[in-house]
There are 2 protein chains.
Amino acid sequence: MQLLVNPSPEKCKKNLARPVHKTKQINKIVKPILKKVEKSGDKALRKFAQEYDHVHLETLLVSEQEIQSAKDLVSKDLKEAIVAAKQNIERFHAAQATPELVEEVMPGVVCRRKSVAIQRVGLYIPGGTAPLFSTVLMLGVPAKLAGCPEIVLCTPPNREGKIHPAILFTADLIGITKIVKVGGAQAIAAMTFGTDSVPQVDKIFGPGNQYVTAAKQLVTRYGVAIDMPAGPSEVLVYADETAVPAFVAADLLSQAEHGIDSQVVLVTPSEKFAKKVLKEINEQLEDLPRKDIAYKALANSTAVVMEDRNSAIALINQYAPEHLIIAVEDAEEVVDRIVNAGSVFIGNYTPESAGDYASGTNHTLPTYGYARNYSGVSLDSFVKKITYQKITAEGLKKIGPVVEIMAENELLQAHKNAVTIRLNSLKGKKK
Amino acid sequence: MQLLVNPSPEKCKKNLARPVHKTKQINKIVKPILKKVEKSGDKALRKFAQEYDHVHLETLLVSEQEIQSAKDLVSKDLKEAIVAAKQNIERFHAAQATPELVEEVMPGVVCRRKSVAIQRVGLYIPGGTAPLFSTVLMLGVPAKLAGCPEIVLCTPPNREGKIHPAILFTADLIGITKIVKVGGAQAIAAMTFGTDSVPQVDKIFGPGNQYVTAAKQLVTRYGVAIDMPAGPSEVLVYADETAVPAFVAADLLSQAEHGIDSQVVLVTPSEKFAKKVLKEINEQLEDLPRKDIAYKALANSTAVVMEDRNSAIALINQYAPEHLIIAVEDAEEVVDRIVNAGSVFIGNYTPESAGDYASGTNHTLPTYGYARNYSGVSLDSFVKKITYQKITAEGLKKIGPVVEIMAENELLQAHKNAVTIRLNSLKGKKK
């Protein structure tokens with residue numbers, strides 16, 4: 001981890017720049033995958049399962065029996081933990097529901113707005129070394145709360161053609177029944193175009209490797225929506241001497257273990273504190289199973305000593321971290337001045353991992369600086385908000401002339417006529 | 001307008017298919033424009049003003065004096081209409097504000113969610129034949145209500161290098177002071193990369209021709225967000241014999257006059273009614289200043305007689321219209337079953353043009369079937385919703401073990417450690 005002391009804004013910007021996506025090369029691999037799935041559907045999915053997952057699949061859909069047997073393979077402890085996390089996530093996401101809005105803006109002119117579920121949603125859960133059942137909770141719980149009638153979950157099988165039982169248990173707990181053994185860019189393609197096994201969806205959610213991310217970006221051309229653009233996961237910790245170096249080190253490491261391209265940043269007013277954290281990192285790193293990954297991620301990471309609080313906050317807002325831990329005196333005062341962040345963790349006893357799993361907030365958050373202009377996944381992500389208006393004859397008499405004048409001045413005579421013809425009819429005129 | 005009577009779903013789908021975007025050709029023109037603005041900033045903008053707007057501009061920024069003189073050039077009637085429309089739009093959008101959410105999901109585990117304004121937003125207002133001051137209201141009012149600190153408005157100048165006074169009056173009324181004379185793809189590029197005259201923004205809003213639309217889609221690669229993907233504007237009217245053929249015809253024409261690629265659809269249970277509407281369209285069309293445009297749009301449009309209400313509603317939800325007028329008996333029963341639409345207009349006295357200008361709902365709505373997965377512009381479009389969590393030592397004792405078990409099972413040991421190290425410290429253990 002590089003240590004910068006009171007760097008210039010330019011130096012900061014340079015050091016904290018995110019890695020550049022190598023879109024071109026990846027798109028070259030992903031585009032033919034999309035084409036093949038569009039053309040050959042399930043047949044292409046089976047071929048890709050053979051090629052990438054090294055497994056021959058007769059049936060892509062997970063059977064009811066597979067789901068039932070999975071339940072016995074998950075430990076009681078883990079089941080209880082998943083149930084507890086689900087409760088918190090459910091509680092916080094249910095509280096996000098927007099009640100129907102009804103506003104009579106003028107007598108006889110009533111405007112309404114209502115949340116309506118996106119009808120068909122696709123959840124992508126990555127495979128690989130770790131079974132991300134926590135992501136099943138983070139996407140499945142709000143999808144169910146929103147009332148999405150059709151939910152499909154795609155996740156790659158292992159070499160035995162199986163899905164990790166914790167993923168199946170979690171999906172079943174939420175009430176997701178359509179689970180398909182398909183991963184990678186081909187899963188994204190399948191949900192975009194639809195195949196015999198995978199229904200076409202309106203919106204695709206979920207994290208993934210660079211191929212999945214590229215595929216999600218590409219399929220937006222075909223009318224499907226995605227949760228958000230994605231880059232590697234990241235945390236910025238803002239801590240002063242009231243924080244505990246060992247805790248801060250543990251938080252930075254928990255991000256660093258995600259991947260070698262993870263972004264890890266420490267901002268602190270104290271050089272002494274920074275050095276303590278760096279020392280702790282080196283000590284804790286030794287015992288980690290994923291220490292090689294964490295080591296590489298840390299090699300590209302930066303600790304910034306920024307004595308001036310205003311400059312520190314400006315730096316944070318400029319960086320727009322996905323996860324922001326604030327462990328300083330007067331943390332709430334700092335919190336109020338944060339305008340760009342995905343999710344914020346306040347105080348010494350709020351590790352990022354609490355939010356990753358169980359505090360109730362969503363862990364699908366904007367990375368790569370997108371916290372400037374995107375929110376994390378929430379109940380909102382699974383609904384559209386449709387507006388309605390109903391105008392009475394009396395209401396139209398009031399608002400009509402306003403519309404007529406404006407339409408006429410925008411040179412849209414037919415827009416004006418749609419009002420005039422109604423007003424004339426109310427006056428008893430022929431036209 | 002083609003008349004289909006009880007067509008099959010396939011026939012409907014084919015007839016109501018939206019025109020295909022010619023993305024490739026347009027991107028070929030737009031990409032070099034983006035590059036030039038990125039490289040040469042204002043210099044490129046001046047060059048493009050000469051080339052496309054046929055005007056030499058010394059200063060790109062609209063001066064305070066230009067804004068002040070514009071006020072005298074707008075008629076009293078129009079000013080009053082704009083003020084009245086603004087009040088309705090303000091009232092309905094202010095009511096959309098999401099209060100801060102605070103939820104103690106477990107004792108000692110508090111989650112919060114707060115709307116925070118997107119800091120820098122860019123509003124694009126097209127030029128061309130009509131001065132779209134109504135769009136200034138639709139984008140500017142929620143941007144101000146959301147509290148976006150930096151708002152820039154870009155709009156192309158006429159051949160005299162001037163902006164239409166109604167646009168300047170409306171912007172000033174809302175309190176937008178940074179107005180730049182730049183249009184087309186180059187305006188989108190300027191807001192993406194920033195130039196001396198145009199600040200870089202986080203999110204770009206607003207309609208435009210196919211070059212602007214293509215540019216908006218392309219610049220999302222550079223980290224900027226956009227309001228939504230866009231296609232030609234469209235209306236679907238669902239009307240039965242309780243509706244007034246002349247009103248329905250006027251509504252269809254008000255959409256048809258937008259552009260030759262506008263989408264206009266009538267769905268009705270009665271062939272007799274459909275024929276009355278078609279007759280009315282032919283009569284009303286004759287008197288329209290934009291009749292050539294409307295005529296061409298109607299040539300590609302369809303009236304569908306669908307006797308069965310369930311089939312009609314399925315058709316509407318499948319089409320997912322930007323604007324949906326419902327003028328049937330039991331309109332509210334139909335409204336409740338609409339799951340895909342941008343904005344809905346209910347009853348015989350609610351023309352689409354009321355919503356286009358003054359009812360209070362937003363007129364920036366998802367076209368091209370995107371009503372399946374996107375909402376129209378609202379107050380939400382100008383904020384991010386940041387989540388927060390604050391856990392006390394007691395709270396961590398409760399939630400910590402849940403996180404530990406889940407992290408361990410996802411093979412993320414460092415995630416677990418971030419909790420364990422804190423719990424151990426609370427127990428008085430060293431590590």
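Residues numbered from 1 in each chain as written. Chains lettered and ligands numbered in written order. Predicted model: local features only at pLDDT ≥ 70, side-chain atom pairs only at ≥ 80, totals over all residues. Heavy atoms only, no water.

## What to know about the side chain of E257 of chain B
Then, in step 1: Structurally, E257 of chain B can be placed in the loop between α10 (245–256) and β10 (263–268).
Then, in step 2: Although E257 of chain B is buried, it forms no salt bridge, and the closest oppositely charged side chain is R290 of chain B at an N-O distance of 4.2 Å.
Then, in step 3: Only 3.1 Å separates the side chain of E257 of chain B from the backbone nitrogen of A414 of chain A, close enough to count as a polar contact.
Then, in step 4: Excluding anything up to four places from it in sequence, E257 of chain B contacts L412, Q413, A414 and H415 of chain A together with R290, I293 and A294 of chain B. (Helix = DSSP H or I, 4+ residues; strand = E, 2+ residues; numbered from the N terminus. Buried < 20%, exposed > 50% of the residue type's maximum accessible area, 1.4 Å probe, protein only. Lys, Arg positive; Asp, Glu negative; His and termini not counted. Salt bridge = Lys/Arg side-chain N within 4 Å of Asp/Glu carboxyl O. Polar contact = N/O pair within 3.5 Å; in protein donor to acceptor, adjacent residues only side chain to side chain. Contact = heavy atoms within 4.5 Å.)

## Quick word on the layout of surface pockets
Residue and element names in this part refer to chain A.
Then, in step 1: Estimated volume of the second largest pocket: approximately 360 Å³.
Then, in step 2: Lining the second largest pocket are 20 residues, and of these N158, K162, I163, H164 and P165 sit closest to its centre.
Then, in step 3: Sorting the residues of the lining of the second largest pocket by element identifies α4 (64–73) and α7 (165–174) as the ones contributing at least two each.
Then, in step 4: With four residues, the single largest contributor to the lining of the second largest pocket is α4.
Then, in step 5: A per-class count over the lining of the second largest pocket returns eleven nonpolar, seven polar and two charged. (1 Å grid on protein atoms, 1.4 Å probe; cavity = no way out; pocket = protein on both sides within 12 Å on 5 of 7 lines; lining within 4 Å. Points joined across faces, edges and corners; volume = space filled by probe spheres on them. Nonpolar A, V, L, I, M, F, W, Y, C, P; charged D, E, K, R; others polar.)

## Quick word on the UniProt feature "binding site: Zn(2+)" (unreviewed entry) in chain A
Then, in step 1: In the UniProt entry, the feature "binding site: Zn(2+)" (unreviewed entry) is given for Q255, H258, D356 and H415 of chain A. These annotated residues cover 161 residues of sequence, and their C-alpha atoms reach 55.5 Å apart at the extremes, leaving them scattered rather than at a single site.
Then, in step 2: On the basis of relative accessibility, which here comes to 0%, the residue Q255 of chain A falls in the buried class.
Then, in step 3: Beyond its immediate chain neighbours, meaning those up to four positions away, Q255 of chain A contacts S233, E234, V235, S262, Q263, V264, H323 and E352 of chain A.
Then, in step 4: Residue position: H258 of chain A is located in the loop between α10 (245–256) and β10 (263–268).
Then, in step 5: When its relative accessible area of 33% is taken as the criterion, H258 of chain A is described as partly exposed.
Then, in step 6: Apart from the residues within four sequence positions on either side, H258 of chain A is in contact with S233, R290 and I293 of chain A together with L412 and H415 of chain B. (UniProt positions renumbered as here; feature names shortened; annotations may be inferred.)

## Remarks on the pattern of salt bridges
Opposite charge on two side chains makes pairing possible when the charged atoms of those side chains draw close.
Then, in step 1: All chains considered together, the criterion is met by 52 salt bridges over all chains.
Then, in step 2: The shortest N-O distance in the salt bridge between K385 of chain A and D380 of chain B comes to 3.0 Å. Placement of the pair is K385 of chain A in strand β14 (residues 383–391) and D380 of chain B in the loop between α15 (352–357) and β14 (383–391), with the two residues belonging to separate chains. Pair check on accessibility: K385 of chain A and D380 of chain B agree, each one buried.
Then, in step 3: In this structure, the salt-bridge partner of E51 of chain B is K47 of chain B, at a minimum N-O distance of 3.5 Å. With E51 of chain B and K47 of chain B both in helix α3 (residues 42–53) and four residues apart, this pair spans about one turn of that helix.
Then, in step 4: Residue class for K47 of chain B comes out partly exposed when judged on its relative accessible area of 43%.
Then, in step 5: Residues joined by salt bridges that share partners form a network here, namely R113, D380 and K385 of chain A together with R113, D380 and K385 of chain B.

## Remarks on the sheet that holds strand β7 (residues 203–205) of chain A
Residues and elements named next belong to chain A.
Then, in step 1: The strand order β6-β5-β4-β7-β8 describes an open sheet built from five strands, whose pairing is parallel. Of all the strands in the sheet, the pair left with one neighbour each is β6 (178–181) and β8 (225–226).
Then, in step 2: Pairing geometry for strand β5 (residues 150–155) and β6, over four bridges, is parallel. The residue bridging V152 from the neighbouring strand is K178, located in β6.
Then, in step 3: Against the sheet, helix α8 (residues 184–193) makes contact with β4 (120–124), β5 and β7, and its axis sits at roughly 175° relative to β4, the strand it touches most. (Pairing = 2+ DSSP bridges. Axes fitted to C-alpha atoms, helices over the stretch in contact; angles between N-to-C directions.)

## Quick notes on the UniProt feature "binding site: NAD(+)" (unreviewed entry) in chain A
Residue and element names in this part refer to chain A.
Then, in step 1: The feature "binding site: NAD(+)" (unreviewed entry), as given by UniProt, occupies Y124, Q186 and N209 in the numbering adopted here. Annotated residues spanning 86 residues; largest pairwise C-alpha distance 12.5 Å, indicating a single compact cluster.
Then, in step 2: Here Y124 lies in strand β4.
Then, in step 3: Within the structure, the side chain of Y124 is placed 2.8 Å from the backbone nitrogen of G184, a separation counted as a polar contact.
Then, in step 4: Counting through the fold element by element, N209 comes out in the loop between β7 and α9 (210–219).
Then, in step 5: A distance of 3.0 Å separates a polar side-chain atom of N209 from the backbone nitrogen of V212.

## Describing helix α12 (residues 291–299) of chain A
All names here are of chain A.
Then, in step 1: Among all positions in α12, only A294, A297 and L298 are buried. Along the axis of α12, the buried residues cluster in a sector spanning 100°; they form a single face. The exposed residues of α12 that point more than 90 degrees off its buried face are D292, Y295, K296 and A299.
Then, in step 2: Turning to α12, the residues buried within the fold contact α10, β10 and α11 (271–285). (Arc of directions from axis to C-beta.)

## Observations regarding empty space enclosed by the protein
Then, in step 1: Following the criterion strictly, the structure yields four cavities of 30 Å³ or more and no others.
Then, in step 2: If you add up the space inside the largest cavity, you get close to 70 Å³.
Then, in step 3: Lining the largest cavity are H93, Q96, G342, N362, L365, S375, G376, V377 and S378 of chain A together with R113, K385 and T387 of chain B.
Then, in step 4: In this structure, the second largest cavity occupies an estimated 50 Å³ of space.
Then, in step 5: Forming the walls of the second largest cavity are N15, L16, A17, Q263, V264, V265, N300, S301, T302 and Y319 of chain A.
Then, in step 6: Ranked by residue count, the leading element in the lining of the second largest cavity is β10 of chain A, at three residues.

## Some details on the relation of the copies chain A and chain B
Then, in step 1: When chain A is fitted onto chain B, the two copies agree to an RMSD of 0.0 Å after a turn of 180° and an axial shift of 0.0 Å. Interpreted geometrically, this transformation is the action of a two-fold axis. Taking the C-alpha atom as reference, chain A places T98 of chain A closest to the rotation axis, 4.0 Å from it. (Least-squares fit on C-alpha atoms with pLDDT ≥ 70 in both.)

## A closer look at unusual backbone geometry
Then, in step 1: Within the chain, A320 of chain A stands out as a residue other than glycine whose phi angle is a positive 55°.
Then, in step 2: Structurally, A320 of chain A can be placed in the loop between α13 (309–319) and β12 (323–327).
Then, in step 3: For D330 of chain B, which is not glycine, the phi torsion reads 55° and is therefore positive.
Then, in step 4: As for its position among the elements, D330 of chain B is in the loop between β12 (323–327) and α14 (331–336).

## Considering the interface of chain A and chain B
Then, in step 1: The interface of chain A with chain B comprises 120 residues on the first partner and 120 residues on the second.
Then, in step 2: Summing both partners gives a buried area of about 10,300 Å² for chain A against chain B, and 58% of it is carried by carbon and sulfur.
Then, in step 3: Summed over the shared surface of chain A and chain B, the result is 16 salt bridges.
Then, in step 4: Across the pair K390 of chain B and E332 of chain A runs a salt bridge whose closest N-O atoms are separated by 3.2 Å.
Then, in step 5: Inspection of the chain A/chain B interface yields 70 residue pairs in polar contact (both at pLDDT 80 or more).
Then, in step 6: It is helix α17 (residues 413–427) of chain A that provides the largest number of residues to the side of chain A that touches chain B, a total of ten residues.
Then, in step 7: A class-by-class count of the residues in the side of chain A that touches chain B yields 62 nonpolar, 32 polar and 26 charged. (Buried area = accessible area lost by both parts, 1.4 Å probe.)

## Brief notes about the environment of V328 of chain B
Residues and elements named next belong to chain B.
Then, in step 1: Within the secondary structure layout, V328 lies in the loop between β12 and α14.
Then, in step 2: V328 sits 87 residues away from E241 along the chain, and the two C-alpha atoms are 7.4 Å apart.
Then, in step 3: Not counting residues within four places of it along the chain, the set of residues in contact with V328 comprises Y238, A239, D240, T242, R309 and V334.

## A closer look at the state of the cysteines
Then, in step 1: One pass over the structure, following the stated rule, counts zero disulfides over all chains.
Then, in step 2: Distance from the sulfur of C154 of chain B, which forms no disulfide, to the nearest cysteine sulfur (C148 of chain B) is 15 Å. (Disulfide = S-S within 2.5 Å.)

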